[in-house]
Every structure is written in C-alpha cells, then in structure tokens.
Protein chains: 2
Amino acid sequence: MKNCIVAQSGGPTAAINASLAGVVQGVLEHPEYSHIYGSLNGITGILEGRFLDLTETFQSPEALGRLKVSPAMYLGSCRYKLPTPESDVSPYQAVFQFFEKMGIGAFFYIGGNDSMDTVDKLSTYAEKIQSNVRIIGIPKTIDNDLCATDHTPGFGSAAKYVATSLLEIYHDTVIYHLKSVTIVEIMGRDAGWLTAASALARNSYSVAPHLIYLPETAFDAEAFLADVKSLLEKHNNIIVAVSEGIRDKDGNYISASTGSKDNFGHSQLSGAGKTLECLVQERLDVKVRAIELNILQRCGSHIASRTDLEESFCQGQHGVSLAAKGETGLMVTIQRVQEEPYQVSYGASPVREIANQVKSVPPEFIHPKGNDVSPAMLSYLKPLIQGEPALTFSQGIPCYLPVPHLS
Amino acid sequence: MKNCIVAQSGGPTAAINASLAGVVQGVLEHPEYSHIYGSLNGITGILEGRFLDLTETFQSPEALGRLKVSPAMYLGSCRYKLPTPESDVSPYQAVFQFFEKMGIGAFFYIGGNDSMDTVDKLSTYAEKIQSNVRIIGIPKTIDNDLCATDHTPGFGSAAKYVATSLLEIYHDTVIYHLKSVTIVEIMGRDAGWLTAASALARNSYSVAPHLIYLPETAFDAEAFLADVKSLLEKHNNIIVAVSEGIRDKDGNYISASTGSKDNFGHSQLSGAGKTLECLVQERLDVKVRAIELNILQRCGSHIASRTDLEESFCQGQHGVSLAAKGETGLMVTIQRVQEEPYQVSYGASPVREIANQVKSVPPEFIHPKGNDVSPAMLSYLKPLIQGEPALTFSQGIPCYLPVPHLS
C-alpha cells in the first residue's frame, strides 16, 4: 500500500481547509492508500522534511468537521517558486527522494495559479524520470481566475463576505441626511470576479453598490466623476465597489503603488480606494470615505458559503479518486451542469493548460458602460454564496481548529 | 391616551435597532400609550416634520424580530447639536409645539454622549415651561464610554466582531514561515474599551493579539518597537491591536490627522495603524501590514452578540416603563448583578450626570506595562459577546429590515 501527501500554498481562503478535509477523507476511504501526510508550508515542508502524519488526527469526524470550517491553511503556506529542472534540478531530486523514502504514491497540491505551475513542473519531471508518483492539483483562489473550471474553491466564501459587508455598509451609510460617497476597495489584482460579487448585496430595497469598476475595463477618472455626480442627484449616499487592480487606458494602476514585488514578480498594490477618495474629495463637494476590505474578505470563515465549503471538500475527494485511477498532471475542475436548480459535476483538466493563465471576466458579464456588471454575471454568481457554515462557538467566538506549530 | 415618539442619533451600532424594537414593544404593551411615532434622522425629523407612524408596521412579531437584528438606524441618524435655549429658543419651541400637536406624552432618544446632551437640554426646558412630556435617553455606543452604566448597547456586538476578526486575522497571518507584524486599528477615539475586546480572540492555541495599546496609556514609540522586537524572537507573526486614538505623552495623536472636525468639535482621525506600519517598516527589517477594521466593526450585524441585542431590547422596554411611571431626564442604565452566572438588572440615572462625560478604561483593567489588558478586563468583557443573533438569510445574504426612505 502506498501513502499520500498533501500541501497547501498561496494566499489563504475560507475554503482551502475544506479541500484539505476532502483529500484526507478521500485517502482514509480509499483501500489502496494507507497514510496521509501533510507537508508544512507548502512544498517547502517536503524540501525541509517538515511534515505531519494526519492519518490519526482526522479519524475523528469532529476534527474533520472543524477543519472544514476553519480559515486559512491548517498546514501553513509558502510562496516558493520551483525553478525549472534545467536551471536547478536539486529541489526535484529532493522531492522525489522524499517520496521514495516515505512510500508516497500521490501528492496533492491545493493552491492557485502559482501552485498549479509547481504541479505542472513536478508531473513533467515525474514522467521524465519514470516515477509512478501521481501529482494532482486542487484549485483554490478567492480571485476565481483559474481557467478550465466554472469557479474556484474559496471564491464563493469571499463573495459572500463581500456581499454581506456591502449590504451592511449600505445600512451604515444611508442613515445621514447628507450627500456622501463611500468607496469600497476589494481584492483582485487582474480579475474582477470578487469585486463583481459586491452586486450580490443588492436586494428589494437597495441598489448599492451604485457603481462597480473591474480591472477588465479601462478606468476613466472623468467618466467616474460624472457617474458619481449624476447619481448624487438621485441618491444621498453612493457606494462604489472598486477592484484593487483597476488601471487606466494605458494600463497604469489607479493606485499609489509601493513599487515592491513578491517572489512571483507581482506588483504589491494598495490604494485604489484611497486614490479615488482623494479624487472625489478634490473634485466634488461631498463627504467621502474609502474602506479597504483587506484580508478579512479571504479569511472571514464565520460568513463562509456552505456551497463553497461543500464543493471544496468534494474537489479534494475527487482529486484522490483521480490519483487512485492512475491520473497525474491534472487539476480538479468543477462544471456547472445546470443553473436552476444549481447542479455541478467534478472533472479534471491537464494542469499545463491552466498554470500561468488568468481567466478574466468576459465582456458579456460587464455592463457595456464599464461601471457595473451584467445580469448574466449575477446569475453566474448567485448559487455560489448560498448556505451558511455549520459553526460552533466557544466563549462567543468561532471554534476553529488549532493550527499546528509551523516552525 | 398619549402617544410616544422615538428617534435614533449618532453613529450606527448593530444593536441600536434592538433598542428601537424594545421601545416599540414597550409602547405597544403599555395601556396608557396609544401610537408610537418614529422621528426620521434623529431630532431633526421632529424639527422638520419628518416622521413615521410605527404602530401598525411593528404589530407583526416577524417585522419586530427583523428590526431587532438589523444594523444601523432604521429611523436614520443626525449629528445635530441643540443650542442652549439662552442662545436660541426656537428649536425648543418647535419641538414642544410638535409634541403638543401630536399628543406626545414621552420622547425616547436612543443615542450616545451627544444625544444624552439633547435629552438633558430638552428635559430641563420641559421643566421650565411646565410641560408634562417625559424625556428619556436610551444609551448606545460601540465605544462603551457612557458613565453610570456597566456597559452600553452596541458595544458587545462590536466587541464580538473585533474578537472574531482578530482570531481570523491570526489564522491568516500564521501561515507563512517568515517574520511578520500585523497592526489592526480599532475604533475608539478617547476610550479603549473596543480595542481591549481584541483580547477576547485569545484561546487555547493563540495568544494573539500579542500587544494591545489603548488611548488611556501614553504611547511610547520606542517601547513599542522594543516590545515588537522582543516578541519576534519568540513568535513568527505578531499581531498588534491599536486604538485609533492612541496619543503620546504630550497628548498628540499617533496618526496622520486630517485636521477636520465634526459638528461636535471632535477631531476626525485616521491612520494610527498606518503610522505604526511605517514606523515598523522603517525601524525593523520585517514584513508589516496595517488593517483598519473601519465601519464594519459597528455595522457587522451578521456577527452581533445575542446578549447585546437582548439587553438593548430590554433597555428600550425599560425606558418606556420609566416614562409611564412619570420619570423624566433619565438615561436607562444596566447593572451587573453577578459575574457567574452573568446576570444584570436595569435602572436609570439622571442624564445630567452622564452627558458630556467619558468613561475611560480604569487603570486596573490595563496591564501595568501599558501594552496589554489585565485579567479583570477579560472577566468584564467575556459575558458581553455571548450568543449569536437569530438571523435569516435570503439569496445567501442576511435578511435585514428595509430602511424607510429617509429624505
């Protein structure tokens, strides 16, 4: 019998532990697998020999259930970019020596775009050295920007957090009998999916957010000011949802860029909301406030989407069954079978076709004026935020699973 | 039979509608009262003749129940400062003419410090003109800084939001295998109660926030840097909770003050967190990020404290029974009868002794080093965040009561 190992990578989401729970459950259920190990801090745990045996820990349904609703990464994360084997083969040798030593039959990597790049490189290398270890990617990202899949685990929960917060911000801002503009900055460097989810706050009595700007449309400051001005004639309190990654027609970020870059060469941004706040302050005579939803939108598990958690769990399980069937170099995908009632199925796509690609919001999901989403976007988003997590509370705060010591 | 009128004022909380529901329920139950009116946008609705008849609307327990869990002010708010009658008697005349015309026997004003100033002035004027209209204040403020009462409606819910968010931020920041400092800025201009509530995030596996700074203690930047540096030797990821109102030993705000002031002469602050972020960036070689919890900490009803909502409702009801007994010029108070099991009783205090006073955090609730709270503070805070609200969800977002058209 072979063992399995699983790791988590990239930025946190509220559902990445649900996928981990799915992998663990899948391995425990599969007769051909014995132990399930967890590498700490992504693949760096394998490289440095830091890992846990999860087999015993999650025999208890209570522990597995609590893992499913806990935010961020139980196993920790990393931002490690695997070099190409041509430039440095040593990490590849170390990984496959570890696999050999631990009797590993399958490695599951739960992560976003950059993690899928790692899955691609490792599975290609495995083929080259004729290793039988199966390498499977389980997607996750609040950005919803992975190709080949209808949506990504973690997105629905972040979308629910954003929609709920926007509704509460509406209630908060509508109370004063004076004109005001509130700008809410939402995560999404290159793709506007999460910012679009702010539209889910609209209901029978509120049309807020009144304006929505995604990075997929060139941002025109004058058009924005004209939109705000015209809306202020009809409404007292305007709410604007804006992606952190909005750019002008020349591709320059509408933000005070800090100039620093992460390991993958992404620019570290901050300030699209603040920049628009200053613009409104300068040009329109009206009270204005910028709000950054910040990291709470990705780790706010107390308002996670149950649909997202269930689907994330199933995608973890599905990854295990793919490996058991001998598949490798694949990322688990989700297909929308029908809209109403909402129904999905799970599949897989070669990770090579997914890694380092970005799924942007398509034009038909954006209002032609570029300042809102389309009805098609709302239909797409709605099923993803349904249902609330099965949380327990202790001493007034949510009961999450304690994070193991990661260093 | 007399009628009653109620209004809400100041900044939003998650529990100010629970107090409104309590007032409405109290009036509906009291045989000597007939209609309950709601003045829109605080007392300005009375001055401008903008009000609603709530009597029919809230006969339904379903509507009253939904009002109880909805954030911010159903009736809207204002930041209107009543002049002294000596400087301008006309608003007083307008208010009492309105009371006369509408057959008002009691006016309930739900609000914070500044609203209690209005209750004081109106009840004093009523006495002077020998009016029988009873004027009663129902407290609310997330700042918990009103005197004569154990704690204020709205505080427990904001405290639960802060504690839950801090726990989730802990899970989010602990995942990377590198040194980091996360600074969380929490509301509280003059009183540190809400920032202190961040300590409720601590549990069996997390001691975060590692440092807590309240405005009651002079902030020493060098001592702060030394504390962070020393903690980084033991922990990878340090979380610092800091009040927006922290000041140095000379009383200068540790923030980039915008210089603007509101109607009551309060300085508009922003940036204590950002200021400390820059300080850490400059002086310590470590990843640092500032997070502002912003207005979501006061309007995040989806994670309100059920204890807070219940007590706020009871304080509204209690206000009605005080007026019915002929009392006036009082603010409803809450007393802690015993700690375990937690038990409270409702009372009242002359509003004159409360208005324009601030209840700061006493020294025995602060750690002698000034960088944390004491065990006594934790015992005080714990009961206030217990229990979750009885929410319903529609289409994945909370079902709140639609806000009436306020203009």
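Digging into the confidence of the model for chain A
In this model, chain A carries an average pLDDT of 94, and 96% of its residues clear a pLDDT of 70 or more. Across the predicted assembly, pTM comes out at 0.95 and ipTM at 0.95.

Observations regarding the relation of the copies chain A and chain B
One copy of the chain maps onto the second through a rotation around an axis plus a translation along that axis. Screw-axis analysis of chain A against chain B gives a translation of 0.0 Å along the axis, an RMSD of 0.0 Å, and a rotation angle of 180°. Overall, the copies show the geometry of a two-fold rotation axis. Most of the interface of chain A is mirrored in chain B: 100% of its interface residues are interface residues there too.

Here we look at the environment of K68 of chain A
All names here are of chain A. Structurally, K68 can be placed in helix 3 (residues 61–68). On the basis of relative accessible area, K68 is assigned to the buried category, the value being 18%. With residues near it in sequence (within four places) discarded, K68 still touches N17, A18, A21, L309, E310 and F313.

As for the pairing of strand 10 (residues 330–338) of chain A
Every other side chain in a regular strand lies on the same face of the sheet, so the side chains alternate between the two faces. Residues and elements named next belong to chain A. Pairing geometry for strand 5 (residues 134–139) and strand 10, over two bridges, is parallel. Note on strand 10: the bridge partner recorded for G137 is M331. Counting the residues that bridge the hairpin from strand 10 to strand 11 (residues 343–350) gives four residues.

Section: the sheet that holds strand 6 (residues 180–186) of chain B
Residue and element names in this part refer to chain B. Strands sit in the order 7-8-6-9 across an open sheet of four strands; the sheet is parallel. Each end of this open sheet is capped by a strand with a single partner; those strands are strand 7 (211–213) and strand 9 (287–292). With direction set aside, neighbouring strand axes in the sheet form an average angle of 15°. In this structure, strand 6 lies alongside strand 9, joined through six bridges in parallel fashion. Bridge pairing in strand 9 links T182 to R289. Packed on one face of the sheet, helix 7 (residues 155–173) meets strand 6, strand 8 (237–243) and strand 9 and runs near 165° to strand 6.

Section: the packing of helix 1 (residues 16–29) of chain A against helix 11 (residues 306–324) of chain A
Residue and element names in this part refer to chain A. Relative orientation of the contacting elements helix 1 and helix 11 amounts to 40°, with a least axis distance of 7 Å. It follows that helix 1 is oblique to helix 11 by the angle criterion. For the element pair helix 1 and helix 11, the recorded crossing hand is right-handed. Facing helix 1, whose interface residues are A18, S19, A21, G22, V23, Q25, G26, V27 and E29, helix 11 presents L309, S312, F313, G316, Q317 and V320. The class makeup of the residues in the contact of helix 1 with helix 11 is seven nonpolar, seven polar and one charged.

Details of the side chain of H210 of chain A
Relative to the helices and strands, H210 of chain A is located in the loop between helix 7 (193–196) and strand 7 (211–213). In this structure H210 of chain A comes out as buried when scored by relative accessible area, which is 12%.

Focus: the environment of Q281 of chain A
As for its placement among the helices and strands, Q281 of chain A is situated in helix 9 (residues 272–283). Along the sequence, Q281 of chain A and V181 of chain A sit 100 residues apart, while their C-alpha atoms lie 9.5 Å from each other.

The rules behind these values
- Residue numbers restart at each chain and count upward from 1, following the sequence in its written direction.
- In the order they appear in the text, chains get letters beginning with A and ligands get numbers beginning with 1.
- Totals for whole chains, interfaces and linings use all residues, but because this is a predicted model, local features are given only for residues with pLDDT of at least 70 and pairs of side-chain atoms are given and counted only at 80 or more.
- Think of the side-chain values as coming from all heavy atoms in the structure, minus any hydrogens and water.
- Looking at any residue, its pLDDT shows the predictor's confidence there, from 0 to 100.
- Fitting of the copies onto one another was done by least squares over C-alpha atoms, counting residues only where both copies have pLDDT of at least 70.
- Every residue pair with non-hydrogen atoms within 4.5 Å of one another is taken to be in contact.
- The helix and strand labels rest on DSSP assignments: H or I over at least four residues marks a helix, E over at least two residues marks a strand, and numbering proceeds from the N terminus.
- Exposed residues in this analysis have more than 50% of their type's maximum accessible area, buried residues have under 20%, and partly exposed residues fall in between, with area computed by a 1.4 Å probe over protein chains only.
- The pairing criterion is simple: DSSP has to find at least two bridges between the two strands.
- Geometry is summarised by axes, namely lines fitted to C-alpha atoms with helices restricted to the contacting stretch, and by angles between N-to-C directions that run from 0 to 180 degrees.
- Here roughly perpendicular refers to angles of 65 to 115 degrees, roughly parallel to angles under 35, roughly antiparallel to angles over 145, and oblique to all remaining angles.
- Left-handed describes a crossing in which the near helix is turned anticlockwise from the far one by less than a right angle; the clockwise case is right-handed.
- Residues are sorted three ways: Asp, Glu, Lys and Arg are charged, Ala, Val, Leu, Ile, Met, Phe, Trp, Tyr, Cys and Pro are nonpolar, and all the rest, Gly among them, are polar.

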